[in-house]
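# Notes for the structure review
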Amino acid sequence: MDTKHTDSGIEIKPVYTIQDLPPAAAERPGQFPFTRGIQPDMYRGKLWTMRQYAGFSTAAESNQRYKYLLSQGVTGLSVAFDLPTQIGYDSDHDLADGEVGKVGVAIDSIADMRTLFDGIKLEDITTSMTINATGYILLAFYVALAKEQGADLSKIGGTIQNDILKEYAARGTYIYPPKPSMRIITDVFEWCSQELPKWNTISISGYHIREAGSTAAQEIAFTLANGKAYVQAALQKGLDINVFGKRLSFFFNAHNHLFEEIAKFRAARRIWADIMRSLGATDPKAMMLRFHTQTGGSTLTAQQPLNNVARVTIQSLAAVLGGTQSLHTNGYDEALSLPTEEAARLALRTQQIVAFESGVADTADPLAGSFFVEALTNEMEAKTLAIIGQIDAMGGSVEAIEAGWMQEQIARSAYAYQRSIESKERIIVGQNRFTTEQEESIPVFRVPAAIQQEQISRLTTFRAARDARKVSDSLTAVRDAAVNGYNLMPLVISAVENNCTLGEISDELRAIFGEYR
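Throughout, residues of each chain are indexed from 1 in the direction in which the sequence is written. For this predicted model, a pLDDT threshold of at least 70 governs which residues receive local features, and a threshold of 80 or more governs which side-chain atom pairs are given and counted, while totals over whole chains, interfaces and linings are taken from all residues. Hydrogens and water are ignored here; the side-chain numbers use all heavy atoms of the structure.

## Description of the overall build of the chain
Here is the rule we go by: Strands here mean DSSP runs of E at least two residues long; helices mean DSSP runs of H or I at least four residues long; both are numbered from the N terminus. Buried means the residue's accessible area, taken with a 1.4 Å probe over protein chains only, is under 20% of the maximum for its type, while exposed means over 50%, and partly exposed covers the values in between. In what follows, residue pairs with any heavy atoms lying within 4.5 Å of each other are defined as contacts. To measure how exposed things are, a 1.4 Å probe is used in the Shrake-Rupley method; for residues, cover is taken only from the protein chains shown. Positive: Lys, Arg. Negative: Asp, Glu. His and the chain ends are not part of the count. Lys charges are placed at NZ, Arg charges at CZ, Asp charges at CG and Glu charges at CD.
Helices and strands together make up the secondary structure of the chain, namely 20 helices and eleven strands. By its C-alpha atoms, the chain is 75 × 60 × 45 Å across when sized along the principal axes. Looking at the chain residue by residue over its 517 residues, the buried ones come to 57%. Partitioning the contacts of the chain with sequence separation of at least 6, the portion at a separation of at least 24 is 78%. Accessible area for the chain stands at about 20,500 Å²; split by element, carbon and sulfur atoms hold 50% of it. Taking the average place of the 49 positive charges on the side chains of the chain and the average place of its 60 negative ones, the gap between the two points comes to 4 Å.

## Looking at the packing of helix 6 (residues 178-195) against helix 19 (residues 489-497)
Between two packed helices, what matters for the description is the angle formed by their axes and the separation of those axes. Let me state the cut-off plainly: Between the N-to-C directions of two axes lies an angle of 0 to 180 degrees, each axis being a line fitted to C-alpha atoms and, for a helix, fitted only over the stretch in contact. When an angle is under 35 degrees it counts as roughly parallel; over 145 it counts as roughly antiparallel; between 65 and 115 it counts as roughly perpendicular; any other value is oblique. Nonpolar residues are Ala, Val, Leu, Ile, Met, Phe, Trp, Tyr, Cys and Pro. Charged residues are Asp, Glu, Lys and Arg, and all others, Gly as well, are polar.
Here helix 6 crosses helix 19 at 85°, and the two axes come no closer than 9 Å. The orientation of helix 6 with respect to helix 19, classified from their angle, is roughly perpendicular. Where helix 6 abuts helix 19, its residues Asp187, Val188 and Trp191 lie against Met489, Pro490 and Ile493. For the contact of helix 6 with helix 19, a count of residues per class yields five nonpolar, no polar and one charged.

## Section: the pattern of salt bridges
Using the following cut-off: One speaks of a salt bridge when a side-chain nitrogen belonging to Lys or Arg is within 4 Å of a carboxyl oxygen belonging to Asp or Glu.
Here the structure, examined in full by the defined rule, presents 28 salt bridges. Linked through salt bridges whose partners overlap, the residues forming this network are Asp90, Asp92, Arg463, Arg466 and Glu504.

## Regarding unusual backbone geometry
Here Phe32 and Pro33 are connected by a cis peptide whose omega angle stands at 5°. Following the sequence through the fold, Pro33 ends up in the loop between strand 2 (11-12) and strand 3 (49-54). Despite not being glycine, Asp365 has its phi angle at roughly 50°, a positive value. At Asn499, a position not held by glycine, the phi torsion is positive, near 75°. Inspection of the secondary structure assignment puts Asn499 in the loop between helix 19 and helix 20 (502-513).

## Here's the deal with helix 19
Let me state the cut-off plainly: An arc is given here, and it is the one of the directions from the helix axis to the C-beta atoms.
Those residues of helix 19 lying buried are Met489, Val492, Ile493, Ala495 and Val496. The buried side chains of helix 19 occupy one side of the element, clustering within an arc of 160° when seen end-on. Lining the buried residues of helix 19 we find helix 3 (110-116), helix 4 (135-148), helix 6, helix 18 (468-484) and helix 20. In the segment just after helix 19, Asn499 is the residue with positive phi, at about 75°.

## Topic: the pairing of strand 3
Threshold: A pair of strands counts as paired when DSSP detects no fewer than two bridges linking them.
With five of six residues buried, strand 3 lies mostly within the body of the structure. Examined bridge by bridge, strand 3 and strand 11 (residues 326-328) share three bridges and lie parallel to one another. Residue pairing in the sheet places Arg51 in a bridge with His328 of strand 11. Examined bridge by bridge, strand 3 and strand 4 (residues 76-79) share four bridges and lie parallel to one another. Bridged to Gln52 within strand 4 is Leu77.

Here it is as structure tokens:
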């Protein structure tokens, strides 16, 4: 009989019995170490937040998509930003050429943020922003807009990804070197704990680590090790772990191996609870691992794209059975382009069918006590802890990333995965088996080339209408705060209120901190 393994290399036995059931199977949901979920009744009390990740071309175009998604039952928005916004360049910068509005929305100024959320009350929604190196500036835009709307900042909820370590390890949209980047992140922690108490100050992301080619075990090991580094940096700044610990959130990937993914989520909660307790947390809410899940973009195929509907359904079930707090489902066409409106609607409907028709939300942790799932959860925990132990031995995540170790591990796993597809050891339906000669023709979404010039024109008009002295004074204040170690957030908020652009603020800090090469 052939030996079977999960994607992380864990051997799967032909059958599991009560002898494989670990003592932890008797744990209760909502209780430390939260293996079975962070709430006693999980989705019986409240369903996960159904998010759809959207953002493209201009703020006005994205605003129309948000209003459409809200009308279809979305309960939280997730904003995608274009590459220039992600790496701190305004749309008229030479390095932005050809990228404006392509993989997300272009946001250069407070004026763009006003347009992005026109007609949407920020008090009434939660917003997740996938932004890292410039996350503090996008948060400043959002706070400034909330103040303009007359919102009570204590009621404003949402998340900025703000996870720079995984950018060095897997994704690449960093600006500054690791140490000043960590300083900015802890400034956000400190400011939000005082001024924006419902805001999740970081979404420590395994998603992009997995997209880059890691295994499931590496995904949670690297992510939790990065989380540990952020907590240690905050503690060194003198912050209270029982306060900022409650506002940490995580972002994971859901792949196709249903049971490994469920075990991954369960093991991650248990490991994080132990890490936080070991670092001094005493409040159970500061030990809870709360996470958003997105279905696996890298699992989508351009061949027979409608097969992706089945993949996304399996991945959605894995996230829900694993106890996610919010979920984004990919469109079936995203291996080809940004999702069309039809594909985005079907992706949302997939979540709604899982929630309201499948029965999996009716009880907490439905697979608890499964001989296989409980044994696999323990195996995943052991494998993950072994990897975290290697990182700790190097001095932690920052050192492991600076040494290139984490990047090398991901690259090795990605290579092995691709080889297994090419050798057909791993079957991808419609790609390396069960293929057809005829190509399927489906409509794709394209961002018009004229978008870049339209955005530049708006930016030029915006700059011409502002008070040059206020802009200069605000940028000087940001620079002084960076040099003298003051918390940057109040000065950055003041700068965006005085109409400084994202690129201008980023450049002030480039001059102080330098750029990471």
